[in-house]
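Listed here are the chains, written in short residue letters.
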Amino acid sequence: MKQVAKTLSIALGSLALASCASESNDVESTAPNSAYSCQLSNIEAANDLRIYQVMVESFVNGNPDIGHGTGYGTSHHMGDIQGIIDSLDYIESLGMNGIWLTPIFYSAPVDGQSHWDDRLDATGYFTTDYFSIDPRFGTLEDAKRLVNEAHSRGLYVFFDGVFGHHKNNVVASPTGKMPVGSSNPVTYPESLPFYQEVAEYWIKELKIDGWRLDQAYQVPTEAWTEIRKTVDKASQSVTYTDKDGNQVNPLGYMVAEIWAGENRIIETGYGSNQAPALCSAFDFPVRYRLVETFAVNESGVGGKGSEWLAEGMDLHRLYPDNVKPNLMLGNHDLVRFGDLLQRGSIAEPSDNEYWQRYQAVLSFQAAYSGPITLYYGDEIGDELEGFADKVSSDCAVNGLCDDHVARTSAKIEGVNTTLNEKQSSLKNYVSQLMELRATNPALSQGTRTNVLANQAAYADLKQTNEQSILYIVNVTGQPESIAISAETIASSQTLTDLLSGEVLALKSGYYSIELGPFEGRFLNVDSPANSAPIAASAGAAMAIAHGVTGSCNVPTVNESGPISETLYVVGDFSDSGWKHVSERAFEYKGDGLYQVVTSEKPGSYRMQYASTTWSPQYTAEGLSLKPGMENALTKGGYGQDTTITLLESGKYVWSLKFDSDASPVSVTASACND
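None of the values given here were measured: they were computed from a predicted structure. (Residues numbered from 1 in each chain as written. Predicted model: local features only at pLDDT ≥ 70, side-chain atom pairs only at ≥ 80, totals over all residues. Heavy atoms only, no water.)

Q: What am I meant to see in the nonpolar core here?
A: One recurring pattern in soluble globular proteins is that nonpolar side chains are buried together. By size, the foremost hydrophobic cluster in this structure holds 141 residues, and its most contacted members are Y52, F159, F163, W211 and F294. Counting residues in hydrophobic clusters, the runner-up holds 24 residues, among them V569, A620, L633 and V667. (Core = buried A, V, L, I, M, F, W, Y, C linked by side-chain atoms within 4.5 Å. Buried < 20%, exposed > 50% of the residue type's maximum accessible area, 1.4 Å probe, protein only.)

Laid out in structure tokens, this is it:
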């Protein structure tokens, strides 16, 4: 849960990755001060995870006698554990193999608490008792039955771990441990023993398969390493009977929510090759690029194209070895993809294009190497009727804020609804994709080579030792015919469409691939050649501005400029994390020009240019900035973040230009030209 600068502040997090099922590792063989690698947590087993996220209070009302009856969003707010149990057959039918539940631990009301706190209690993200089930969701026996029935269907179960903050009335663990420090955030390392006990308790008590970790940046990376060890050890100490009748260990997977760019995720979650912390985190950077390519983001920015996707995927090279990003399309804090299509005035549910674009993003997710997560409702193209734009300041009351709107009542076929034809068709397509992913390991486990990224299409070659698959998707609303050489994809004979069975012949060294509007295809390379594929360019070289906006040596003048407040480059940089730091403070250079020189790492970033009070606050027009290119500067605001991708490390100069009346004129970011 992200923090929001509104009348309330909710935080949702992420999960980190740990150990695996039926294979045993000696977790105590590592010396106390040596690196505890992701391999020791058997991270490879996470590649094929196909997780279905459930927001419990919004999902299905299985027991009308219980429920919170209030919450954020527009749902019935009566969801419970029984509703999830009732939906297990449906989830299994989608081809998913895991379920993530938002927190179900007891949030005890405080006497006289406000209705805002009642709503927060329903989310579960501010817990009182980490060792008991909230009676408004069900009982301990209900939770045990859920886990057992899920396991019998081949579904892993992941709980939501809020290990950085709690409700002010938190109670002690069964052994008397307590978190230390303030309630939000707690203090580490003093709080580590308490949260280690939480992480261990539910693995041993219910045999859950791991944790999704909320606001993982609140916990130091050294503490995550210790919690990962605890989860591994607990997972290897118990077994359960799986779908095939085998005795297996709980998976021990953990995945982190860190709502930031690549370097911030590394800094606060993954750690380094020398000091690994978490082994999996949600891939927020690629998620944003995905919706910006096929729809718009929450700020209305879109139309990016396949080069934008390829650039983001290439930035995975920044991550430490062996980590496994987890790609989702949405979650309970994001606007649903269908609502983003409408926000961008792109397509309505009555349009075929709405469903074509949904299929495109889901096909991209199915072709992703590593674990993936599907938010409930995405499989049927769900949206909130009548919601498209940001609404007024009373959005929290009405459940219509951007970080609440996806918390709609679940529509589960055969349980509480009958799907229409288009919803049913998309659901069946999702089932096909998940089956394809389950039976073709190159999709979830293969190495990825981007072989095409142009105005018409995006294509990756996915390879294992046993299999090679070409994934290609049309990024336009028009039919496209794409010619790809056999040499490019290291193929020597035919390609076979894994969904339709169509065989594509090789003609004069090329394959002609026909794509309908926004169609994604999965083409098996029937006879791989004994050669490497030819990668497309990962991106242009760093552009450098000419003249003063590319110079890092412009002297500061001893005079006042048109802006009275000191401005900063404030964003999700690993050295600042949305804080105003002196190293990112602009200095006046004269003639309305302000500059600051910083040291940057490659990655994607979001930022604004603001004073410490956030007034004034500025952003790039169009909310996008390319290095070396001047853009118009305009007034900013909440959610109006400028995005930029830096492909190289080094010194950069940020330039803001104002006229004599303090009106914003231009913004430029450039590698130094001197």
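Q: Sorry if this is basic, but what is going on with the environment of M313 here?
A: Looking at where M313 falls in the secondary structure, it is placed in helix 9 (residues 306-314). Taking the C-alpha atoms as reference points, M313 and V286, separated by 27 residues in sequence, lie 6.7 Å from one another. When residues no more than four places from it in sequence are discounted, the contact partners of M313 are V286, F364, Y368, R448 and Y458. (Helix = DSSP H or I, 4+ residues; strand = E, 2+ residues; numbered from the N terminus. Contact = heavy atoms within 4.5 Å.)

Q: Which parts of the structure should I look at to understand the sheet that holds strand 12 (residues 447-453)?
A: Strand order in the open sheet formed by 6 strands is 12-13-14-19-16-17, with antiparallel pairing between adjacent strands. Of all the strands in the sheet, the pair left with one neighbour each is strand 12 and strand 17 (503-504). The strands touched by helix 9 are strand 12 and strand 13 (457-463); relative to strand 12, the strand with the most contacts, the crossing angle is about 155°. (Pairing = 2+ DSSP bridges. Axes fitted to C-alpha atoms, helices over the stretch in contact; angles between N-to-C directions.)

Q: Explanation requested: the side chain of T668 in the structure shown.
A: Checked against the element boundaries, T668 lands in strand 28 (residues 664-671). Among residues more than four places away in sequence, those in contact with T668 are A545, T549, G628, M629, E630, V653, W654 and S655.

Q: Got a minute to help me understand the state of the cysteines in this structure?
A: Every disulfide links exactly two cysteines, by a covalent bond between their sulfur atoms. Under the definition given, this model contains 3 disulfides. Covalent S-S linkage joins C38 and C279, the inter-sulfur distance amounting to 2.2 Å. Taking the sign of the S-S torsion, -100° for the link of C38 and C279, the bridge is left-handed. Here C38 is found in the segment before strand 1 (50-54), whereas its partner C279 is found in the loop between helix 7 (262-270) and helix 8 (284-294), with 241 residues between them in sequence. Note on C38: relative accessible area 3%, which makes it buried. With relative accessibility at 0%, the residue C279 sits in the buried group. For C552, the disulfide goes to C672, at an S-S distance of 1.7 Å. Handedness of the C552-C672 disulfide follows from its S-S torsion of about -75°: it is left-handed. (Disulfide = S-S within 2.5 Å.)

Q: Looking at this structure, I do not really get the packing of aromatic side chains. What am I missing?
A: Pairs of aromatic rings are described using the distance from one ring centre to the other and the angle between the two planes. If you walk through the whole model with that rule in mind, you get 38 aromatic pairs. Pairing F59 with Y376 gives two aromatic rings, centres 5.5 Å apart and planes at 85°, and the pair type is edge-to-face. Taken as a pair, F59 in the loop between strand 1 and helix 1 (81-86) and Y376 in the loop between strand 11 (372-375) and helix 12 (395-398) lie far apart in primary sequence, 317 residues in all. Here the two residues F59 and Y376 agree in accessibility, since each one is buried. Between the aromatic rings of F294 and F518, the centroid separation amounts to 6.4 Å while the plane-to-plane angle is 65°, which identifies the pairing as edge-to-face. Of the two residues, F294 sits in helix 8 while F518 sits in the loop between strand 18 (510-515) and strand 19 (520-525), which places them 224 residues apart along the sequence. For the pair F294 and F518, a shared accessibility class is recorded, and that class is buried. (Phe/Tyr/Trp six-rings, centres within 6.5 Å; stacked < 30°, edge-to-face > 60°.)

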